[in-house]
Amino acid sequence: MAHGRFTVDRAIPTFVFNEMMSLFLKPVSAAWLLLMLATCLSWWLGQDHDLSAPQTSDYRLISSGLILIAFIKVRIVIFYFMEVRQAPLALKLVCDTWVLLVCGAILYLYWMPHF
Amino acid sequence: MPGEVGIWVFILGDMVIFGLFFIVFVYYRGLDLELYLQSQATLNQNYGAINTLFLLASSWFVAMAVDDMRSKTTRLAPRFFVLAMLCGLGFAVVKIIEYREKITAGITLTTNDFYMYYYIFTGLHFLHVLIGMGVLVFLWFKARAAVQRKGELPVGDKEKEMMLIESGTSYWHMVDLLWIVLFPLLYLMK
């Protein structure tokens, strides 16, 4: 059985190995990888880089970027993890409306705190 | 529709409430920026980031489990649910360590407005995590039962079963989604 093949075949049953490989190749796994990378990017952006004092234009742009990244991540979670991309149009629209309204309101209040 | 209509009414309702929380927080933050920035500086960003990674990994394991149960094999689903629960547990441990640090430093709900929002938002979210852990245990039992009967069910029953499982997993993904916004809002935004 499986002579001369990868040693991984002996350590993990073949069916598990095959199933795992097919799962890793799904779009949801690519989505997950992207989400993890985006989180690490936000983590790094959120550190103090000694660019300047808080609330200067650099920080404002970075903070706006952090908010945008978060809502892009949220949309990926909704469409790929919650599988709304295969849901009826009405649900897609409701979810996108939520993302746009909440993200828009946060950015608006961030830039115009005393509207 | 991924899951039952009822669960989506609940999920969207929850998202609207948290959406309002986020907006209220940013509004009041703008009125007293100094206080919010000073208070935020005492939070440990690493805890927030690690917890984001925990919930993302957990969500991915859950998505893998659903995929496995759908494709009739079902052999890996229970293991994926266990991994998802371990990530949820990891989140809870980090959160408790964080709360402990804050409380021993004398920082509580009444310290100032920033911390009031911090405790209420993360506390309500933590409650969602705990409920979600219960849901994951239930789904784990369902997945084990599916393995025992080798994934075979009449077509109608199988559809109902998947509907129930998707409802539970959609809730867990929402818990992840809310934290994805809470992390930059409370920990990162300057």
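Summary of the structure given here. In this text the structure is predicted, and so the values were computed from the model without any measurement.

Definitions and cut-offs
Residues numbered from 1 in each chain as written. Chains lettered and ligands numbered in written order. Predicted model: local features only at pLDDT ≥ 70, side-chain atom pairs only at ≥ 80, totals over all residues. Heavy atoms only, no water. Helix = DSSP H or I, 4+ residues; strand = E, 2+ residues; numbered from the N terminus. Buried < 20%, exposed > 50% of the residue type's maximum accessible area, 1.4 Å probe, protein only. Contact = heavy atoms within 4.5 Å. Areas by Shrake-Rupley, 256 points an atom, 1.4 Å probe, with all protein chains shown as cover. Lys, Arg positive; Asp, Glu negative; His and termini not counted. Charge placed at Lys NZ, Arg CZ, Asp CG, Glu CD. Phe/Tyr/Trp six-rings, centres within 6.5 Å; stacked < 30°, edge-to-face > 60°. Lys NZ or Arg CZ within 6 Å of the ring centre and 35° of its normal. Buried area = accessible area lost by both parts, 1.4 Å probe. Salt bridge = Lys/Arg side-chain N within 4 Å of Asp/Glu carboxyl O. Polar contact = N/O pair within 3.5 Å; in protein donor to acceptor, adjacent residues only side chain to side chain. Nonpolar A, V, L, I, M, F, W, Y, C, P; charged D, E, K, R; others polar.

## Regarding the overall build of chain B
In terms of helices and strands, chain B carries six helices and zero strands. For chain B, the sequential pattern of α-helices and β-strands runs α-α-α-α-α-α. Counting only residues that meet the buried cut, chain B has 57% of its 190 residues in that class. Sequence-distant contacts in chain B: of pairs separated by 6 or more residues, those separated by 24 or more amount to 81%. Counting only carbon and sulfur atoms, one obtains 69% of the accessible surface of chain B, whose full area is about 7,800 Å². The average position of the 15 basic charges and that of the 15 acidic charges among the side chains of chain B differ by 9 Å.

## As for the packing of aromatic side chains
A full pass over the atoms with the stated rule returns 27 aromatic pairs over all chains. Measuring from centroid to centroid gives 5.4 Å for Trp60(B) and Phe61(B), while their planes differ by 45 degrees, and the two rings are tilted. With 5.3 Å between their ring centres and 55 degrees between their planes, Trp140(B) and Phe141(B) make a pair best called tilted. Given the relative accessible area of 23%, Trp140(B) is considered partly exposed. On the accessibility criterion, Phe141(B) (48% relative accessible area) is partly exposed. Over the face of the ring belonging to Tyr110(A) we find Arg60(A), whose NZ or CZ atom lies 5.6 Å from the ring centre. Between Arg60(A) and the ring centre of Trp111(A), over which it is positioned, the NZ or CZ distance is 5.2 Å.

## Considerations on the interface of chain B and chain A
Taken residue by residue, the interface counts 50 residues in chain B and 48 residues in chain A. Buried area between chain B and chain A, both sides added, is near 4,400 Å², and the carbon and sulfur share of it is 79%. Remark: the boundary between chain B and chain A carries two salt bridges. The shortest N-O distance in the salt bridge between Lys26(A) and Asp67(B) comes to 3.6 Å. The tally of links between chain B and chain A comes to 10 residue pairs in polar contact (both at pLDDT 80 or more). Residue contributions to the side of chain B that touches chain A peak at 15 residues, all from helix α3 (residues 45–70) of chain B. A per-class count over the side of chain B that touches chain A returns 32 nonpolar, nine polar and nine charged.

From the geometry alone we can't say anything about function, so treat these as descriptive.
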